[in-house]
Amino acid sequence: MPDGLAWKIIKDHLVEGEPEPGVTIALHVDQTLTQDATGTAAYLQFETMGVDRVRTDISVSYVDHNTLQSGPENADDHRYLQSVAARYGIVFSRPGNGICHQVHLERFGVPGKTLLGSDSHTPTCGGLGMLAVGVGGQDVACAMAGMPFYLTAPSVVKVELTGELGPWVTAKDVILELLRRLSVRGGVGKLFEYAGPGVATLSVPERATIANMGAELGATTSVFPSDGVTEAWLRAQGRPGDFRPLAADDGAEYDEVVELDLAAVEPLVARPHSPDDVVPVGAVAGLPVDQVCIGSCTNSSFRDLALTAALLEGKAVHPRVSLAVSPGSRQVLEMTAARSGLAAMVRAGARVLEVACGPCIGMGQAPPSGGVTLRTFNRNFEGRTGTPDARCYLCSPPTAVASALAGCIADPCTLGDPPAAFEPERYEVDDAGLVFPPADGSQVEVIRGPNIKPIPPSEPLADALAGEVLLKLGDNVTTDHIMPAGARTLPLRSNIPALSEFVFERVDPYFARRAREAGGGFVVAGENYGQGSSREHAALAPMHLGLKAVIARSFARIHRANLINFGILPLVFADPADCDRVGGGDVLSIGDVRAGVRQGSLTVSDETAGFDFDVGIELSEREQEIVLAGGRLNLLGG
Ligand code: MIC
Ligand code: SF4
């Protein structure tokens, strides 16, 4: 039977299971990546697995999130990550070398290989024809230890691209258009495979932008074919040997098809506070902006920055606006500087920031109170900027530049004729920011700072659970709500007891105290609970506070897996209407829990409201073992 591209890569890596949508399968993992904010927990868990050296083709540890060193914690984390990398055979990407997804695309991505990363935007490398999936740190640790990666095989959506992008329309607008049509939960359980004649009109960095924000659709991953454009780009990166052509077989069938005419896409903007609240730029044009940020793993390629520099050349940023630019990698920074682009940006009044995630994760550049910030990033969840009442809009680099110059949201066509887009024939390759591990790391000492604490243990699942509904929430709760990031909390990522004090802080500043005093309890929510990041801390820290189960209408993929990995039950209302009947503060009890987990359903008694309701818990046998043990680490003997 003819196969689509994604199924070909899946079948090439299949270790266990039937390759059918909805079925649990296990895949061999060729490469892994971690970043510093999730990496410390991943390596702390990996260290307990008794493996002497990573068993992947290549594993890379990036430092890109926690780069603001306002105390010793982040530098201590970096030192731990560097030493643990040398000890176990992992490549270390030093602070300042770049955002994990951008650097991985430039230096390590290989078409047709699998990549598992402890960051939700790992699918960026799908732009190169990789099957790249974002997961929690524990799943990456297991892959580094040589275990396969278990997932529910997704259904595959073919996105048939036709036509060509018009002037001032970019890859960012393409993915915003898909978000407008499909929403932040439209991709859950699905993989997006791009096809059609429009693919050849998109460069690798543009494909990467689209694959990157497939994460915002909730998709398992996104993948582009590997074609002549891919080959030319890999050659330009000095890696011609990594190219291998990959395309769907003729006549391949798909579970769904989405048609998208690139010529019909227009410049778009996502409004606060969700990446799917998308409107044409004209609908918000004229809104005064306080800040414009260009960068993040979505839009920080050389192509994006070269365009930004060309558009800023000889102009001046509006006095009301603070324009921040953060390049995605050292390569991007060096090449932009070498071609005078850096000077053009600085002269125009831009604040050029460190090569890192920076403002995207609230590591500095919080906007003013009640301010409007326009960003080329991928997420605009409430509070994520670091300013609780800021309003964050998302857009493409040209829309960002036009707005920075105008002082208000502006259509990029106000900039006149667009400069010719280009891809350099040769990228300047400089791997000085990468530290390769010694052939034998067994004598390397792993250095732990005082803030690095072991992962807290958990108990096997009890047969009776009781407690109060600590929080009742709506739809699309993000991991930024559950476990906020930003400059204040990220330094505590390797210290779970300290970090857990901030769980749900933006929803209820007293949540941690209430949870501790109540001896744990439940959270009740609507659809798509836990969308957004891969941070397993959003399961680990609530586990430490005694959270027993989350009862929701549905869950986001990565967060559901993280809850299971740490022994928290992801329960789904059998009748979605019951969600409205359960109140915050109600006392719930669940009996025969262990048998119910095996059967796939449980009955919950709402003692306060005086009614019973059923919940489902659809787990594979392997997942059942994990939750019964109180988490995967207990099964691994960690
Ligand atoms: C994000 O964009 O939310 C992050 C920060 O990159 C997270 C990872 C983390 O929380 O460390 C992600 O996307 O997975
Ligand atoms: Fe970093 Fe932002 Fe990308 Fe997350 S979304 S990896 S914080 S740049």
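Residues numbered from 1 in each chain as written. Chains lettered and ligands numbered in written order. Predicted model: local features only at pLDDT ≥ 70, side-chain atom pairs only at ≥ 80, totals over all residues. Heavy atoms only, no water.

Quick rundown of the layout of surface pockets? Include the residues and the values.
If you add up the space inside the largest pocket, you get close to 890 Å³. Looking at the lining of the largest pocket, the elements that each hand over two or more residues are β8 (149-152), α17 (557-565), β24 (569-573) and α20 (621-629). Counting residues per element, the lining of the largest pocket draws most heavily on α17, at six residues. Looking at the lining of the largest pocket residue by residue, the class counts come to 18 nonpolar, 11 polar and seven charged. (1 Å grid on protein atoms, 1.4 Å probe; cavity = no way out; pocket = protein on both sides within 12 Å on 5 of 7 lines; lining within 4 Å. Points joined across faces, edges and corners; volume = space filled by probe spheres on them. Helix = DSSP H or I, 4+ residues; strand = E, 2+ residues; numbered from the N terminus. Nonpolar A, V, L, I, M, F, W, Y, C, P; charged D, E, K, R; others polar.)

Could you give an account of the pairing of β24, with specific residues and numbers?
The buried fraction of β24 amounts to four of the five residues, a majority that puts the element mostly inside the structure. In this sheet, β24 lies alongside strand β23 (residues 547-552) in parallel orientation, the contact comprising four bridges. Each residue of the ladder has a partner; that of I551, found in β24, is L571. Following the chain from β23 across α17 to the adjacent parallel β24, one finds a crossover that is right-handed. Pairing between β24 and strand β27 (residues 611-616): two bridges, direction antiparallel. By the bridge assignment, V572 is partnered in β27 with G616. (Buried < 20%, exposed > 50% of the residue type's maximum accessible area, 1.4 Å probe, protein only. Pairing = 2+ DSSP bridges. Right-handed = clockwise from strand over helix to strand, strands pointing away.)

Please set out the side chain of T122 residue by residue, giving values where relevant.
One can find T122 in the loop between β6 (114-117) and β7 (131-134). Reaching out from T122, the side chain makes a polar contact with the backbone oxygen of D119 at a distance of 2.5 Å. Residue contacts for T122: discarding those within four places in its chain leaves L33, H101, L115, L116, G117, A132, V133 and G134. (Polar contact = N/O pair within 3.5 Å; in protein donor to acceptor, adjacent residues only side chain to side chain. Contact = heavy atoms within 4.5 Å.)

Kindly report on empty space enclosed by the protein, identifying the contributing residues and their values.
For the structure on display, the rule yields eight cavities of 30 Å³ or more. Of the voids in this model, the largest cavity is the one considered here, and its volume is about 220 Å³. Around the largest cavity sit 22 residues that line it, and H65, D119, I361, R379 and R384 are the ones nearest its centre. Split by residue class, the lining of the largest cavity holds seven nonpolar, 10 polar and five charged.

Break down the packing of helix α2 (residues 36-47) against helix α3 (residues 72-88) for me, with residues and values.
α3 packs onto α2 with a crossing angle of 45° between their chain directions and a minimal axis gap of 10 Å. With respect to α3, the element α2 is oriented oblique. The way α2 lies across α3 gives a crossing that is left-handed. Mapping the contact onto sequence places D36, G39, T40, Y43, L44, F46 and E47 in α2 and D77, H78, Y80, L81, V84 and Y88 in α3. (Axes fitted to C-alpha atoms, helices over the stretch in contact; angles between N-to-C directions. Parallel < 35°, antiparallel > 145°, perpendicular 65-115°, else oblique. Left-handed = near helix turned anticlockwise from the far one by under 90°.)

How would you summarise the site of ligand 1 if you had to cite specific residues and measurements?
The environment of ligand 1 is made up of 14 residues, and the closest members are D119, S120, R384, S534 and R535. Within the side chain of H65, an N or O atom sits 2.8 Å from an oxygen atom of ligand 1. One of the side-chain nitrogen or oxygen atoms of R493 is found 2.8 Å away from an oxygen atom of ligand 1. Expressed as a share of its isolated accessible area of 340 Å², the protein-covered part of ligand 1 is 97%. In this structure, ligand 1 is accommodated by the largest cavity. Residue classes in the shell around ligand 1 are distributed as two nonpolar, seven polar and five charged. (Near = heavy atom within 4 Å. Areas by Shrake-Rupley, 256 points an atom, 1.4 Å probe, with all protein chains shown as cover. Sits in = over half its atoms within 2 Å of the grid points.)

Explain the sheet that holds strand β5 (residues 91-93) residue by residue, including any values.
In space, the six strands of this open sheet follow the order β7-β6-β3-β4-β5-β20, with mixed pairing throughout. Looking at strand neighbours, the two that pair on one side only are β7 and β20 (434-435), the edges of this open sheet. Looking at chain direction, strand β3 (residues 31-35) and β6 are connected through three bridges and run parallel. Across the sheet, L33 pairs through a bridge with G117, a residue of β6.

With reference to specific residues and values, describe the pattern of salt bridges.
A full pass over the atoms with the stated rule returns 32 salt bridges. Here D3 ties to K11 by a salt bridge, and the two come within 3.0 Å at their closest N and O atoms. D3 gets classed as buried once you look at its relative accessible area, which sits at 13%. A salt bridge links D480 to R384; the shortest N-O distance between them is 2.9 Å. Placement of D480 in helix α13 (residues 479-482) and of R384 in the loop between β18 (372-375) and β19 (391-394) is noted, with a sequence separation of 96 residues between them. (Salt bridge = Lys/Arg side-chain N within 4 Å of Asp/Glu carboxyl O.)

Break down the sheet that holds strand β12 (residues 256-261) for me, with residues and values.
The four strands lie next to each other as β11-β10-β9-β12, forming an open sheet whose pairing is parallel. Every other strand in the sheet has two partners, leaving β11 (221-223) and β12 as the edge strands with one partner each. Direction aside, neighbouring strands of the sheet carry axes that sit 20° apart on average. Pairing between strand β10 (residues 190-195) and β11: three bridges, direction parallel. Residue pairing across strands places F192 opposite S222, the latter belonging to β11. Contacts from helix α6 (residues 171-182) reach β9 (155-162), β10 and β12, with the element oriented near 130° to β12.

Let's hear about the site of ligand 2: which residues, and what values?
By nearness alone, every residue bordering ligand 2 is listed as H65, H101, D119, H121, S296, C297, C357, C360, I361, N378 and R384. For the shell around ligand 2, the class distribution of residues is four nonpolar, five polar and two charged.

For the environment of R506, give the residues involved together with the corresponding values.
With respect to the secondary-structure elements, R506 resides in the loop between α14 (496-499) and α15 (511-518). Remark: the alpha-carbon pair of R506 and I482, spanning 24 residues in sequence, is separated by 8.3 Å. In this structure R506 touches E382, G383, R384, D480, P484 and A485, once residues within four positions along its chain are discounted. In this structure the side chain of R506 is engaged in a polar contact, spanning 3.3 Å, whose partner is the backbone oxygen of G383.

In short, the description is geometric, and any link to function would need to be established separately.
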